[in-house]
Amino acid sequence: MNTSQKELVKGTVPVLKAKGNDLISYFYQRMLTNNPELKDVFNIANQASGKQQNALTGAVLAYAENIDDPTVLINTLKAIGNKHVSLNIAAEQYDIVGNHLINSIIEVLDTAATTELIEAWTCAYTELAQIMIRNEADMYQKNSLKKGGWKGWRSFVISKIVAESGEINSFYLTPEDNKEIADFFPGQYVSISTFIPELGHKQPRQYSLSSNSNNEYYRISVKKEIGQTTPDGIVSNALHDKIVGDLLQVSAPAGLFYADPEAKNPLVLVSGGVGLTPMMSMVETNKNALQRNQTVWIHSC
Ligand SMILES: Cc1cc2nc3c(=O)[nH]c(=O)nc-3n(C[C@H](O)[C@H](O)[C@H](O)COP(=O)(O)OP(=O)(O)OC[C@H]3O[C@@H](n4cnc5c(N)ncnc54)[C@H](O)[C@@H]3O)c2cc1C
Ligand code: HEM
């Protein structure tokens, strides 16, 4: 990108702050109408609540603000990369997103979208996409090369279901191919993708691994989300309807929120509600490794 293009992108920050959510909502509607296959990967409840629009607007804004030195965003990009890789986002999909994003800028900003501004944003998006694609390709490769690892979705059988409370069930998942599974750090999550007949497409969700890493199974513990004033949770209810022997599509463990199993310093855990699941993994791992001299867990429910 040249200097005047960077200035043009930085100059859009106030507009993005004021109109970013409208733009991104328009963009999602445009993209999911023209590319309905993407409904399989986007969380429709996060669309309805505006959570995903806020996440993308925040990322685009942070990028525009730091266009002179995007390396300061590296940790944010790594966290997004973990989420993308756990959803099996492909390099080709960056073209689809880019095309809808640029056309949304043209359609929403209307006459304010000059040719120079559009060229500058196209260039900015392409550079950001290249950084993200490279980062994600590296993560896919590491996942594939890891012992027991894999790329994308892998079929797992629900081998056991344990009711932990009135609303939380643990699901023990073993690979359908009976091969090895990758180890993980306590606190990491997997994505689960399952077909929802009422919607006519799949929906993914993330679930923390709630046991210690073992080479037999993954355990997830899912709260059945009952809506009071809002609809019941789609995937958690679908999972609570599953029975032993049913199959789920599972992505490889991901995520940057974890406790180092090798560390010896005291561990302080703070959680609320079903947010206890990554802590369960940390405590189980810690108990087995007996490394830490002190663990304090504060939980609210
Ligand atoms: C890293 C990570 C780890 C996680 N780990 C766990 C875990 O270990 N265990 C666990 O149980 N969960 C966990 N979650 C949450 C999980 O991913 C799901 O978000 C959760 O199960 C709810 O999904 P759902 O499909 O049942 O509900 P959704 O259908 O996604 O609905 C979510 C909420 O939005 C509301 N909603 C839906 N539609 C609308 C609308 N139109 N307007 C307003 N509100 C609406 C619903 O009532 C519900 O309360 C984790 C999430 C992340 C990101
Ligand atoms: C430069 C381009 C992109 C940016 C800046 C971006 C940014 C983000 C951010 C900030 C999040 C939230 C991360 C989190 O919750 O931890 C996210 C999630 C996500 N992204 Fe991207 N993304 C980009 C490209 C793509 C592409 C090409 C796809 C594929 C279609 C995609 C699909 C998703 C999905 C499905 C989620 C999870 C949504 C949810 O759970 O609601 N993204 N992205």
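Within the protein, just one atom coordinates the iron atom of ligand 2: His 84 (NE2), at a distance of 2.1 Å. With respect to the helices, strands and loops of the structure, His 84 is situated in helix H5 (residues 74–86).

A few words on the side chain of Asn 169. Relative to the helices and strands, Asn 169 is located in strand S2 (residues 168–175). There is a polar contact of 3.5 Å between the side chain of Asn 169 and the side chain of His 240. When near neighbours in sequence (up to four residues on either side) are disregarded, Asn 169 contacts Ile 161, Val 162, Ala 163, Glu 164, Ile 220, Ser 221, Val 222 and His 240.

Moving on, we come to the pairing of strand S1 (residues 154–163). Bridge count between S1 and strand S6 (residues 247–250): four bridges; the pairing is antiparallel. In the sheet register, Val 157 faces S6, and the bridge partner there is Leu 247. Where S1 meets S2, seven bridges bridge the pair, whose relative direction is antiparallel. Looking across to S2, one finds that Ile 158 is bridged to Leu 173. Between the end of S1 and the start of S2, which pair antiparallel, lie four residues.

Another aspect to go through is the nonpolar core. Ranked by internal contacts, the top residues of the largest apolar core, which has 39 residues, are Val 9, Leu 16, Phe 42, Ile 105 and Trp 121. Put simply, the parts of the chain that give this core at least two residues each are helix H2 (13–34), helix H4 (51–65), H5, helix H6 (93–109) and helix H7 (115–145). In terms of residue count, H7 provides more of this core than any other element does, 11 residues in total. What Trp 121 contacts, discounting residues up to four positions off in sequence, is Val 9, Thr 12, Leu 16, Val 60, Ala 64, Ile 102 and Ile 105.

As a further point, take the pattern of salt bridges. In this structure the tally under the stated criterion is nine salt bridges. The salt bridge partner of Lys 10 is Asp 68, with a shortest N-O separation of 2.7 Å. Of this pair, Lys 10 sits in helix H1 (residues 3–11) while Asp 68 sits in the loop between H4 and H5, placing them 58 residues apart in sequence. On the accessibility criterion, Asp 68 (48% relative accessible area) is partly exposed.

Right, let's talk about the site of ligand 2 for a bit. Taken together, the neighbourhood of ligand 2 is formed by 20 residues, with Val 41, Phe 42, Asn 46, Lys 83 and His 84 sitting nearest. Taking Asn 46, its side chain carries an N or O atom lying 2.9 Å from an oxygen atom of ligand 2. At a separation of 2.8 Å, an oxygen atom of ligand 2 approaches a polar side-chain atom of Lys 83. Residue assignment for the shell around ligand 2 shows that the elements contributing at least two residues are H4, H5, H6 and H7. A per-element tally of the shell around ligand 2 places H4 first, with four residues. Its residues placed into classes, the shell around ligand 2 shows 14 nonpolar, five polar and one charged.

Definitions and limits used
Residues numbered from 1 in each chain as written. Chains lettered and ligands numbered in written order. Predicted model: local features only at pLDDT ≥ 70, side-chain atom pairs only at ≥ 80, totals over all residues. Heavy atoms only, no water. Donors = N, O, S within 2.8 Å, 3.2 Å for Na, K, Ca; no water. Helix = DSSP H or I, 4+ residues; strand = E, 2+ residues; numbered from the N terminus. Polar contact = N/O pair within 3.5 Å; in protein donor to acceptor, adjacent residues only side chain to side chain. Contact = heavy atoms within 4.5 Å. Pairing = 2+ DSSP bridges. Core = buried A, V, L, I, M, F, W, Y, C linked by side-chain atoms within 4.5 Å. Buried < 20%, exposed > 50% of the residue type's maximum accessible area, 1.4 Å probe, protein only. Salt bridge = Lys/Arg side-chain N within 4 Å of Asp/Glu carboxyl O. Near = heavy atom within 4 Å. Nonpolar A, V, L, I, M, F, W, Y, C, P; charged D, E, K, R; others polar.

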